[in-house]
Amino acid sequence: MTRIEFWQGNIACAEGALAAGCTFFGGYPITPSTEVAEHMAAKLPKRGGAFIQMEDEIAGIASIIGASWTGARAMTATSGPGFSLMMENIGFAIMTETPCVVVNVQRGGPSTGQPTMSAQGDMLQVRFGSHGDIAIIALCPATVQEMFELTVKAFNLADKYRVPVFLMADETIGHMREKIIVPDTVERVERKPFVAGTPAFRVTDPDNIPGFPAFGTGQHVHVTGLTHDERGYPCATNPNLHMALVKRLVDKIENARDEMADYDVINPDAGQVFVAYGAPVRTVMQVMHDKKDTNIGFLRIRTVWPFPEKALAEFKNAKRFIIPEMNLGQISREIERHVCVPVRSIPKLGGELHTPEELVAVLEEKA
Amino acid sequence: MSYDDWFRKDRLPHIFCAGCGNGTIINCTLAAIDQMNWKKEETIFVSGIGCSSRAPGYILTDSLHTTHGRAIAFATGVKMAKPDFNVVVFTGDGDMAAIGGNHFIHACRRNIDMTVVCMNNQIYGMTGGQGSPTTPKGCLSSTTPYGCAETPFDLCELATAAGANFVARWTSYHVKELEKSVKAGLETPGFSFIEVLTQCPTAFGRRNKFRQVIDHVEFLKSHSLLKAKRDRLVEKHEHVPEDMFVVGELTRRNRPALGVKP
Amino acid sequence: MRNEIRFSGFGGQGIILSAVILGRAAVMYDNKFAVQTQVYGPEARGGASMSQVVIDDDQILYPKVAVPDIYVIMSQEGFEKYGASAQVSAVMLIDSTLVHSRPKCRCIEIPATGQAKASLKVIVANIVMLGALVAATHVVSEESLKKAILDSVPKGTEDLNLKAMQLGLELGKQS
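Residues numbered from 1 in each chain as written. Chains lettered and ligands numbered in written order. Predicted model: local features only at pLDDT ≥ 70, side-chain atom pairs only at ≥ 80, totals over all residues. Heavy atoms only, no water.

Residues and elements named next belong to chain A. Remark: helix α10 (residues 280-291) packs on helix α13 (residues 356-364), axes separated minimally by 9 Å, with the N-to-C direction vectors making an angle of 65°. For the element pair α10 and α13, the recorded crossing hand is right-handed. The residues of α13 that touch α10, namely those facing T283, V284, Q286, V287 and K291, are P356, L359, V360, L363 and E364. (Axes fitted to C-alpha atoms, helices over the stretch in contact; angles between N-to-C directions. Helix = DSSP H or I, 4+ residues; strand = E, 2+ residues; numbered from the N terminus. Left-handed = near helix turned anticlockwise from the far one by under 90°. Contact = heavy atoms within 4.5 Å.)

Structure representation (structure tokens):
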């Protein structure tokens, strides 16, 4: 069974979290993500969950990591300035393999920038912002429907891979209201069960993911952000151990790149190929609809990190990739790494979505 | 059971220096916990960064050794997600009062049900002796080479003003009193804060004329002013010595608390 | 068929709510697609507020309003900021109690605030405008508008709001 709603993107995100079984939200209000927190504040207590408004975003992500170790599905939501504050504890979640979901409804930066305007300026920060070598998962919704669905997916990926998963939304999608078809139930992927009595971080499977020994289950697990051995004990000066640990934490995500790739390929034989994620997807779709030209291709990406590079190879006749982004070309640079044909970035700052005319003008420019 | 049963024996020996007071404080805390008859499965230790914050690593329960200053914020998540758990935070003066000061006062304000034991050695011990927000005026550290010019925090007054239900201060000399106060803190619903002044021979004593551990412990003892005595002095309008610090149970009240076990 | 509707007025008139109700009527009860967006800047508080709705029989791809074909303007400042540039082919419903300028396009004058004040309550002037909008343009059906209003207004104010809608429908039909 499903039902139709006319929801704001941020509300769809919160409802997706609730549908996914999120029982803990800790965060700090910030435009343009605040509606997520407000909706969780209204709904969670009535469902036996907990909402807490923390003193800042550092505390917000700290609280969800703490909650996650009790076995709860936990989430926070923020935007640029708050996201910057979260960087250190994001690394802690990566190092300690703590599943959690962080929503970033992106606004114009740097600094306080444009609080009420849209942007995609944090796409590299999410990938590389926390110190050390890391790998994370980032999803980008382009519809209110995807705000719901990708939030559910974020929880499943977080629990499966034991990593923070980021819903990298933007103000455009977060704040607009549109039609959404809400399912009664959603798929749920559980954390890998823990074999009682074994070392807390021992990995036995080729997927590099250890079982999850939730607090309170008698495993006496020690969780530390220090480099640790498979027992979870600090061991911060052993070069080989550190190399092996960080490599495993990166490999468990990078090796699953193809498995978690989520994208659509439209007109794979085309010569000119748009690549987009988040709000600019909508403009590209409008151009595709208006032009009805099979020589215009479109790669629509939902899993931006790890970047689904194999998808680019599906456009065998591509002469040029065109990338509209609400930043100065952050993902264009990633695409340049993977293709041998020209990459045309269409950067846009200021807070407004690309118009169809702007994309058409690039399509028609002389090569 | 005794406090000894709470140790994670395969992690010993510990990293604390000879003469360090942290072991005393851990023992007193575990002795108090042991008297509570808490189950290990329901007891979570949380800490930040610093010597004090290594304590949970030596205790055989689930434990979360987090980022610098943030222990109380992580602990808040644990407690709010699972109020059935008993949550104890080990922290230090640098961890809790400098980088983590905001989390500390907000946890006091929320009066969230947890017990925070702050090992206050008045210095950053682990990283070689830099000044902290509780380094006394005039004391030497590697970042106050001409004597600390800033006024230190009174952590207990801070906790009381911010709303904690239980606040006490002792020193590493007062083991019996400390154990009792920790137990009282564990028993009090809401936020309980126990500050323990302690010696750090390696980073503090060496620079501040306490080369011998016993000299520093003797100083802590002789400069402790029992709260009851202080109150009598105040009542009689008599002089309260400036170079002494008040020890004892300083605040106990029953304000509404957050996250109390149902 | 794609309609792009722009609402503008001053903060407190219920401009945003009007747009949400219209979008809701289209999506929930007319089986159409709609996207509602709004200006979030702090200048919206007390100043001119603005919200837009795209209504389409098919899925809406580009979600923003490029050139509105329908305007609902409820303040002079809103007219100057968001209505004055209307293209000639557009249609504009104006709250004639509050707006003294007139556009170059077809203009439907609805004395919403004056009539609401006289016979109902001034707070429902936005619903009067919604009724008039539907009567004049049929962007959603009357029945759907009624349902969406009932979904959206505070409990205890249903009758008042339905009366306001009815008043608006009549004013809209007369024009």
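Sheet strands pair by backbone hydrogen bonding; their relative direction is either parallel or antiparallel. Residues and elements named next belong to chain A. Read across the open sheet, the five strands follow the order β11-β13-β12-β15-β16; overall the sheet is mixed. Pairing within the sheet leaves two strands with one partner each, and these edge strands are β11 (263-266) and β16 (343-347). This sheet shows a mean twist of 15° between the axes of neighbouring strands, independent of strand direction. When strand β15 (residues 320-325) meets β16, the two strands line up parallel, connected through five bridges. Considered in β16, the bridge of F321 is made with V343. (Pairing = 2+ DSSP bridges.)

Across the boundary between the two partners, chain C contributes 21 residues, which contact 22 residues of chain A. Both faces combined, the contact of chain C with chain A buries some 1800 Å², and carbon together with sulfur accounts for 63% of it. On the chain C side of the interface with chain A, the three residues burying the most area are Y40(C), L61(C) and Y62(C), jointly 39% of the side's total. Counting across the interface, chain C meets chain A through zero salt bridges. (Buried area = accessible area lost by both parts, 1.4 Å probe. Salt bridge = Lys/Arg side-chain N within 4 Å of Asp/Glu carboxyl O.)

Okay, the packing of aromatic side chains next. Using the criterion set out here, one finds 14 aromatic pairs over all chains in the structure. Ring plane angle 90° and centroid distance 6.4 Å describe the contact between F315(A) and F321(A), whose orientation is recorded as edge-to-face. Each member of the pair, F315(A) together with F321(A), is buried. With centroids separated by 5.1 Å and ring planes inclined at 50°, the aromatic side chains of F210(B) and F219(B) adopt a geometry described as tilted. Among the residues examined, F210(B) registers a relative accessible area of 13% and is labelled buried. Given the relative accessible area of 29%, F219(B) is considered partly exposed. Over the ring of F33(C) we find K179(A); its NZ or CZ atom is 4.4 Å from the centre of that ring. (Phe/Tyr/Trp six-rings, centres within 6.5 Å; stacked < 30°, edge-to-face > 60°. Buried < 20%, exposed > 50% of the residue type's maximum accessible area, 1.4 Å probe, protein only. Lys NZ or Arg CZ within 6 Å of the ring centre and 35° of its normal.)

The nonpolar side chains of a soluble globular protein tend to be buried with one another. If you look at the biggest cluster of nonpolar residues, it comprises 85 residues, and the most contacted ones within it are F321(A), F191(B) and F193(B). Structurally, this core is a two-domain feature, drawing no fewer than three residues from each of domain 1 (2-183) and domain 2 (263-364) of chain A. Counting residues in hydrophobic clusters, the runner-up holds 54 residues, among them I11(A), V36(A), V182(A) and I209(A). (Core = buried A, V, L, I, M, F, W, Y, C linked by side-chain atoms within 4.5 Å. Domains from an automatic or database assignment.)

It is worth spelling out unusual backbone geometry at this point. Following G109(A), the chain continues to P110(A) via a peptide bond in cis, the omega torsion being 0°. With respect to the helices and strands, P110(A) occurs in the loop between β5 (100-108) and β6 (114-118). That bond from L12(B) to P13(B) is cis: its omega, 5°, falls within 30 degrees of zero. Mapped onto the secondary structure, P13(B) falls in the segment before α1 (22-35). Although it is not a glycine, N37(B) adopts a positive phi angle of roughly 55°. Phi is positive for H138(C), which is not a glycine, with a value near 55°. Mapped onto the secondary structure, H138(C) falls in the loop between α4 (125-137) and α5 (142-152).

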